[in-house]
Structures are given as structure tokens and as C-alpha cells.
Amino acid sequence: MDSHSLFAFTLVAAIAIASPGPATLMAINNSLAHGQRSAIWSSLGNGSGLFCLSAAAMLGLGALLASSEMLFNAVKILGAGYLFYLGARQLLKTSPMLASGGAEGLPKVRPTPLKLYKSAFFTAVTNPKATMFFTALFPQFIDQGAALLPQFLILTGIFVALSLVSLSLYAALAARAKGVLTRPSLSRWVSRVVGTTFIGFGAAILAMRRQGA
């Protein structure tokens, strides 16, 4: 793999990653609700999910997803359903997102790092759009005459690293904006916007059609 191909891949990956999606919204939501550090765990979960999707694409599972309508629809419904669940949970919240304490003055309960990690991981691996993206992207930059494993590690490493940087920046920007979002009434509107956006992402995934279908 030459330097020009590597640069082109990095540019394409950066553009794709910069476009906000469920992972971005999750990082922003966690940063606002639980602090910037909490977004680190969801970012790591998303990165791990991207690594698994990349490996699946290399193993040909992405092509299987593209050729099997039943499998494609199963993954699509699973991913959309989870995003609907996340959105509904935000919309049905009775307490402000940014409140410093829970009911009756009790301290606000924060999700464990493992829970944040698993939620982001599941969101990533059940996104058929990401799987199809890897399946379509990798063949354009892989030299079939060279060893595949080093190329896989390099390309996947670049993609995951860019994703971690992007999500960290979004989380940092959200943390800086937290000061103007501390009013309970405004905080509830933030929860509604976040919930509606999650549902919108879920609807977009549900509306996806298999290539060639």
C-alpha cells in the first residue's frame, strides 16, 4: 500500500466520520448527562464495534449481508429498534438531563463504564450502513497482491483512531456548552431533541434497502 492510497483512505474516512451519526449523538448525550469522561467509554465501545465491522467486511460477512435479504432485514430491525429504545427513553424522562441530583435530593446515578461501553458497541455493530460502508470501502484501497492482515490493521487502525478523535471533540464541545444548558426547562428540551434525533436515526436505518434489492 503506497502513501497516496493511505492518504486517500484517511481523507475519505475523515469525511465519513465527521458526519454526525448515532455514535456522535451518544457521545454528546453522555457528555452532557454524565460528564465528559463518560463519553470516553462510549467512544471506546464504538471503536470496538467499528473494529468488529471492519473484520466482518474483511471476512466477507458484509457481502453476505448484502446478498441475504433476511439477514440484512434482521440486522436492520435490531439496530433501528435499539435506537428507537434509546430515543423513547430520552423522551419519557421526567427529570432534566443536566440536573445535579435525582428525586428527593438523592445523588444522580451514573451508568457504569461497562454499560456505556456495551451500549455504544451494540449501536455500532447493529448498524447495517456501517457494515456496507466497510464492505464497499476496503476493496478500493487494499492491494490484493500484498499481505492482507497488515493492510487490515493499518486501515482499521486509522478509521478507529479518527473515530475516537472525532467523538472526543464532539464530547468536549458538548461539555463546554453545558454551562448554558443547566436550566431545567432548557435541559428538558435538550432531552427531547436528543430523543427525537435517536428515533430519526432509527427510522433512517429502517428505511434502508439492501443493495440490489
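What counts and what doesn't
- Residue numbers restart at each chain and count upward from 1, following the sequence in its written direction.
- Local features are withheld for residues below a pLDDT of 70 in this predicted model, meaning they are given only at 70 or higher, and side-chain atom pairs are given and counted only at 80 or more; totals for whole chains, interfaces and linings count all residues.
- As a convention, hydrogens and water are excluded, and side-chain values are obtained from all of the structure's heavy atoms.
- In this scheme, patches are assembled from residues that exceed 30% relative accessible area and form no salt bridge. Like charges are connected within 9 Å, while nonpolar side chains (Val, Leu, Ile, Met, Phe, Trp, Tyr) are connected within 5 Å.
- For every accessible area listed, the method is Shrake-Rupley and the probe measures 1.4 Å; residues are considered covered only by the protein chains on display.
- A pair is scored as a salt bridge if a Lys or Arg side-chain nitrogen falls within 4 Å of a carboxyl oxygen belonging to Asp or Glu.
- For the purpose of counting charges, residues Lys and Arg are taken to be positive, whereas Asp and Glu are taken to be negative. His and the chain ends are not included.
- Here the site of a charge means atom NZ of a Lys, CZ of an Arg, CG of an Asp or CD of a Glu.
- In this text, helices come from DSSP runs of H or I with a minimum length of four residues, and strands from runs of E with a minimum of two, each type numbered from the N-terminal end.
- Expected span of a helix, by definition, is 1.5 Å for each gap between consecutive residues, and there is one gap fewer than residues.
- Summary of the burial criterion: residues with accessible area below 20% of their type's maximum are buried, those above 50% are exposed, and those between are partly exposed, where the area comes from a 1.4 Å probe applied to protein chains only.
- The arc in question is the one traced by the directions running from the helix axis out to the C-beta atoms.
- By the convention used here, residues are in contact when the closest approach between their heavy atoms is within 4.5 Å.
- Here the term cavity refers to a set of points on a 1 Å grid, laid over the protein atoms alone, in which a 1.4 Å probe fits but cannot get out; the term pocket refers to an open set having protein on both sides within 12 Å along at least five of seven lines, with lining residues being those that place an atom within 4 Å of a point.
- Grid points are joined across faces, edges and corners, and a volume is the space filled by probe spheres set on the points.
- As a working rule, the residues Ala, Val, Leu, Ile, Met, Phe, Trp, Tyr, Cys and Pro are called nonpolar, Asp, Glu, Lys and Arg charged, and the rest polar, with Gly in that last group.

A. A look at a positive patch on the surface. Where like charges cluster on the molecular surface, the positive patch consists of Arg89, Lys93, Lys115 and Lys118. By secondary structure assignment, the location of arginine 89 is in helix H5 (residues 69-91).

B. Summary view of helix H1 (residues 3-18). Taking 1.5 Å of rise per residue, 16 residues should cover 22 Å, and H1 covers 22 Å from first to last C-alpha, within 8% of that figure. Within H1, the full set of buried residues consists of Phe9, Ala13 and Ile17. Looking straight down H1, one finds its buried side chains confined to an arc of 60 degrees; they lie on one side. Among the exposed residues of H1, those oriented more than 90 degrees off its buried face are Ser3, His4, Phe7 and Ile15. Taken together, the buried residues of H1 touch helix H7 (128-141) and helix H8 (148-177).

C. Structural context of empty space enclosed by the protein. Taken as a whole, this structure holds 1 cavity of 30 Å³ or more when the rule is applied. Considered as a void within the structure, the largest cavity measures approximately 30 Å³ in volume. Lining the largest cavity, in full, are Ala23, Met26, Ser42, Ser43, Asn46, Ala120, Thr123 and Leu167. Elements supplying a minimum of two residues to the lining of the largest cavity: helix H2 (22-34), helix H3 (36-58) and helix H6 (113-125). Here the residues of the lining of the largest cavity sort into 4 nonpolar, 4 polar and no charged.

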